[in-house]
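# Architecture at a glance
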Amino acid sequence: MKNIVIALSVLVLFSSCKVNDTSKMDSTTNLIQNNNWTVKYKTLAINGVNIAYREAGNPENPTIVLLHGFPASSYQYRKVLQQLADQFHLIAPDYPGFGNSDFPDAKTYQYTFDNIATTVNAFLEQKNINSYAIMIQDYGAPIGFRLATAHPERITAIINQNGNAYEAGLGDAWKGIRALWKNRTKQTEEALLPAFSLDGLKWQYTHGVRDIQTVDPDSYNLDYLRLSRSNAHAVNLDLFYDYQNNVALYPKWQQYLRDNQPPLLIVWGKNDAFFPESGAEAFKKDVKNIDYNIYDTGHFALEEDGDAIIKKIRSFMRKLSK
């Protein structure tokens with residue numbers, strides 16, 4: 001009899017554990033399958049160009065448009081998409097010629113920042129996204145500021161991770177590109193080609209980081225594959241050359257900041273050779289209230305300090321909704 005009681009007790013305990021485990025499994029399954037939290041990979045045709053984009057979160061929540069840099073894609077925002085979709089609507093397009101978007105021939109699509117911004121604006125309008133914060137980094141800054149100056153009423157806030165708008169923010173790494181601006185020749189173009197090599201791309205991700213093991217190798221390896229396509233070097237040299245037109249627009253963007261005073265979160269990697277901390281500091285001249293945060297890392301600060309930066313973004317965006 002005693003053995004039977006013990007056996008029954010074990011059976012009851014085992015059954016209870018199974019119920020609890022099933023409950024946990026259902027909870028986890030529901031969490032993973034919640035459509036508002038799932039990152040989805042979509043495309044949308046804009047004037048004959050298929051724009052690939054990542055989207056997550058409930059569209060009824062505040063929207064953040066994530067604008068990537070060079071040589072990257074929406075992949076650089078994977079941590080933001082995964083961690084903030086519970087409270088925000090997140091959308092990250094790949095520009096034409098970048099990421100998984102179409103790579104139209106330069107004869108049919110003009111690779112300038114003006115034109116890319118026009119495409120991104122048309123993309124957002126076709127998605128009926130007319131009120132949004134922008135997160136900008138590197139190339140995302142000239143695209144984002146074009147959106148902001150064209151439609152200031154649409155911009156609810158700016159989250160700035162090494163997105164420059166001041167001459168003071170152009171670092172030593174611009175020396176070769178400045179030479180290209182001054183005199184575009186075969187020699188000044190060839191001097192920039194190492195930036196497209198695997199070693200050059202890896203350097204952009206790892207320079208200035210505290211721990212190289214925090215940088216996902218897929219980032220620079222994916223970029224290298226895309227920059228190895230036919231005509232990719234020529235297209236990106238065109239964008240390097242066109243960047244001087246962004247510098248010419250800096251006063252206009254600074255005036256936008258002074259006139260509109262958008263809520264501004266700075267989350268900046270101070271060891272960036274392209275856009276050093278002086279670029280972050282310069283925003284203080286024109287924006288009165290800044291949530292200012294500097295990190296001991298490099299150009300792609302989300303790689304090493306993503307968790308801390310995303311926590312700041314959540315806090316910053318929550319305050320806006322109060």
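Residue numbers run consecutively from 1 along every chain, following the written order of its sequence. Only residues with pLDDT of at least 70 get local features here, since the model is predicted, and only at 80 or more are side-chain atom pairs given and counted; chain-wide, interface and lining totals rely on the full set of residues. Side-chain metrics rest on all non-hydrogen atoms present in the structure, leaving aside hydrogens and water.

## Description of the overall build of the chain
Keep this limit in mind: Helix and strand labels come from DSSP, where a helix needs a run of H or I of at least four residues and a strand needs a run of E of at least two; each type is numbered from the N terminus. When a residue's accessible area, from a 1.4 Å probe over protein chains only, is under 20% of the maximum for its type it is buried; when over 50% it is exposed; and in between it is partly exposed. Note on definitions: a residue-residue contact is assigned when non-hydrogen atoms from the two residues lie within 4.5 Å.
Looking only at helices and strands, the chain has 11 helices and eight strands in total. Per-residue burial over the chain gives 50% buried out of 322 residues. Partitioning the contacts of the chain with sequence separation of at least 6, the portion at a separation of at least 24 is 75%.

## Description of the confidence of the model for the chain
Just so we agree on the cut-off: The pLDDT value expresses, per residue, how confident the predictor is, ranging between 0 and 100.
Scored by pLDDT, the chain comes out at a mean of 91, with 89% of its residues at no less than 70. In the predicted structure, residues 1-33 sits below a pLDDT of 50 and forms three contacts with residues beyond four places in sequence or in another chain.

## Concerning a positive patch on the surface
What counts, and what does not: Surface patches are drawn from residues lacking salt bridges whose relative accessible area is over 30%; two like charges belong together within 9 Å, two nonpolar side chains (Val, Leu, Ile, Met, Phe, Trp, Tyr) within 5 Å. To be clear on the numbers: accessible area is Shrake-Rupley with a 1.4 Å probe, and residue cover counts the displayed protein chains and nothing else. Salt bridge, as used here: a side-chain nitrogen of Lys or Arg that lies within 4 Å of a carboxyl oxygen of Asp or Glu. A positive count includes Lys and Arg, and a negative count includes Asp and Glu. His and the chain ends are not counted in either. Throughout, a charge is located at the NZ atom of Lys, the CZ atom of Arg, the CG atom of Asp or the CD atom of Glu.
A cluster of like positive charges, contributed by Lys 311, Lys 312, Arg 318, Lys 319 and Lys 322, occupies part of the molecular surface. Here Lys 319 is to be found in helix α11 (residues 301-320). For Lys 319, a relative accessible area of 53% translates into the label exposed.

## Notes on the environment of Ser 228
Stated formally: Pairs of N or O atoms are called polar contacts if they sit within 3.5 Å, as long as, within protein, a hydrogen donor faces a hydrogen acceptor (for residues adjacent in sequence, only side-chain-to-side-chain pairs).
In this fold, Ser 228 is placed in the loop between α8 (217-227) and α9 (232-260). Classification of Ser 228 as partly exposed rests on a relative accessible area of 46%. Sequence separation between Ser 228 and Leu 198 is 30 residues, and the spatial gap between their C-alpha atoms is 9.7 Å. In terms of polar contacts, Ser 228 uses its side chain to reach the backbone carbonyl oxygen of Tyr 224, at 2.6 Å.

## A look at helix α7 (residues 198-206)
By the burial criterion, the buried members of α7 are Gly 200, Leu 201, Gln 204, Tyr 205 and Thr 206. Tucked into the core, α7 has its buried residues touching α8 and α11. Within two residues after α7, Gly 208 carries a phi angle of roughly 85°, on the positive side.

## A look at the nonpolar core
For the record, the criterion: Side-chain atoms within 4.5 Å are what join buried Ala, Val, Leu, Ile, Met, Phe, Trp, Tyr and Cys residues into a set we call a nonpolar core.
Counting residues in each nonpolar core, the largest one holds 68 residues, and the members touching the most others are Leu 67, Tyr 139, Phe 145, Ile 158, Phe 240, Tyr 243 and Phe 283. Top element by residues in this core is α9. It accounts for 11 residues. Each residue touching Leu 67, except ones within four places of it in the same chain, is listed here: Tyr 77, Pro 93, Tyr 95, Val 120, Ile 134, Met 135, Ile 136, Gln 137, Gly 140, Ile 143, Gly 144 and Leu 147. Judged by nonpolar contacts, the second largest core, of 26 residues, contains Val 80, Leu 81, Leu 84 and Leu 265.

## Section: the sheet that holds strand β5 (residues 132-136)
Put simply, the test is: When DSSP finds at least two bridges between two strands, those strands are taken to pair. Note on definitions: angles span 0 to 180 degrees between N-to-C directions of axes, and those axes are lines fitted to C-alpha atoms, for helices only across the stretch in contact.
The eight strands are arranged β1-β2-β4-β3-β5-β6-β7-β8 in an open sheet whose pairing can be described as mixed. On the outer flanks of this sheet lie β1 (40-46) and β8 (290-295), each paired with one strand and no other. Strand-to-strand twist across the sheet, computed as the mean angle between neighbouring axes with direction ignored, equals 20°. Where β5 lies against strand β6 (residues 155-160), five bridges are found, and the strand directions are parallel. In the sheet register, Tyr 132 faces β6, and the bridge partner there is Ile 155. On the sheet, helix α3 (residues 113-126) packs against β1, β2 (49-56), β3 (63-67), β4 (89-93) and β5 and is oriented at approximately 110° with respect to β1.

## Considerations on the packing of helix α4 (residues 140-150) against α9
This is how the line gets drawn: Note on terminology: angles under 35 degrees are roughly parallel, angles over 145 are roughly antiparallel, angles of 65 to 115 are roughly perpendicular, and the others are oblique. Left-handed describes a crossing whose near helix is turned anticlockwise from the far helix through less than a right angle; right-handed describes the clockwise counterpart. For this scheme, ten residues count as nonpolar: Ala, Val, Leu, Ile, Met, Phe, Trp, Tyr, Cys and Pro. Four count as charged, namely Asp, Glu, Lys and Arg, and the remainder, Gly too, count as polar.
Packing of α4 against α9 brings their axes to within 10 Å, and their N-to-C directions diverge by 45°. Considered as vectors, α4 and α9 are oriented oblique to each other. Regarding α4 and α9, the two cross each other, and that crossing is left-handed. Here α4 contributes Pro 142, Phe 145, Arg 146, Ala 148 and Thr 149 to the contact with α9, which in turn contributes Tyr 243, Asn 245, Asn 246, Leu 249, Lys 252, Trp 253, Tyr 256 and Leu 257. Its residues placed into classes, the contact of α4 with α9 shows eight nonpolar, three polar and two charged.

## Let's talk about the side chain of Gln 161
As for its placement among the helices and strands, Gln 161 is situated in the loop between β6 and α5 (175-182). What makes Gln 161 buried here is its relative accessible area of 1%. A distance of 2.9 Å separates the side chain of Gln 161 from the side chain of Asn 162, its partner in a polar contact. When near neighbours in sequence (up to four residues on either side) are disregarded, Gln 161 contacts Met 135, Ile 136, Gln 137, Asp 138, Val 267, His 299, Phe 300, Ala 301 and Leu 302.

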